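Breakdown of the fold
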Amino acid sequence: QVQLVESGGGLVQPGGSLRLSCAAFGFTFRSYAIGWYRQAPGRERELVATIASAGTTSYYEDSVKGRFTISRDNVKSTVYLQMNSLKPEDTAVYYCNVEVFSTYYWGQGTQVTVSS
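These figures come from a predicted structure and were not determined experimentally. (Residues numbered from 1 in each chain as written. Predicted model: local features only at pLDDT ≥ 70, side-chain atom pairs only at ≥ 80, totals over all residues. Heavy atoms only, no water.)

1. As for the sheet that holds strand E7 (residues 68-73)
Spelled out, the test is: What makes two strands pair is DSSP finding at least two bridges between them. We count a stretch as a helix when DSSP gives it H or I for four or more residues in a row; a strand needs E for two or more, and each element gets its number in order from the N terminus. Throughout, an axis means a line fitted to C-alpha atoms (over the contacting stretch in the case of helices), and angles, computed between N-to-C directions, take values from 0 to 180 degrees.
Spatial strand order, E1-E3-E8-E7: four strands in an open sheet with antiparallel pairing. The open sheet has two edge strands with one neighbour each: strand E1 (3-7) and E7. Mean inter-strand twist for the sheet, computed between neighbouring axes without regard to direction, equals 15 degrees. Relative to strand E8 (residues 78-83), strand E3 (residues 18-25) is paired through six bridges, and the arrangement is antiparallel. Following the sheet pairing, Leu-20 is matched in E8 by Leu-81.

Given below as structure tokens:
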């Protein structure tokens, strides 16, 4: 069965950095694109970044361009989100996502809180 497990969230001061990880199980990881999403309280879930199956192309939402970097290790079946210059508005639960056989799968999410 497809499973995604996020980790790496926590409390950080504005301007700080965190690296999130998404470990994947139950499918041929290297064949699929992976996305990072986030959802703040009272807000809709939004796409943050995506990476192609081979890691050759990526997409970033405008508010995180230049600050966040998505990457993947197809040997470890893990996707990363390096977050630098964090702002309070980055506070949210971060989720990874994959579509396999027309079904979307989500992890449990990891909380990121940016506060002084």
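Okay, back to it.
2. Comments concerning the nonpolar core
Applicable threshold: Think of a nonpolar core as a cluster: buried Ala, Val, Leu, Ile, Met, Phe, Trp, Tyr and Cys residues, connected wherever their side-chain atoms sit within 4.5 Å. Burial classes: relative accessible area under 20% of the type maximum marks a residue as buried, over 50% as exposed, and values in between as partly exposed (1.4 Å probe, protein chains only). Contacts are assigned to residue pairs with any non-hydrogen atoms lying within 4.5 Å of each other.
Counting 30 residues, the largest nonpolar core has Phe-27, Trp-36, Leu-81, Met-83 and Tyr-94 as the members making the most contacts within it. Elements with a minimum of two residues in this core: E3, strand E4 (34-39), strand E5 (46-51), E7, E8, strand E9 (92-100) and strand E11 (110-114). If near-sequence neighbours (up to four positions away) are discounted, Tyr-94 is found in contact with Glu-6, Leu-20, Trp-36, Tyr-37, Arg-38, Val-48, Phe-68, Leu-81, Met-83, Gly-109, Thr-110 and Val-112.

3. Some words on the pattern of salt bridges
The condition is simple: The working definition used for a salt bridge is a side-chain nitrogen of Lys or Arg within 4 Å of a carboxyl oxygen of Asp or Glu.
For the structure shown, the criterion picks out four salt bridges. The partner of Glu-46 in a salt bridge is Arg-38, with the nearest N and O atoms 2.7 Å apart. You can call Glu-46 partly exposed: its relative accessible area is 32%. With a closest N to O distance of 3.1 Å, Lys-65 and Asp-62 form a salt bridge. Sharing partners across several salt bridges, the network here consists of Arg-38, Glu-46, Arg-67 and Asp-90.

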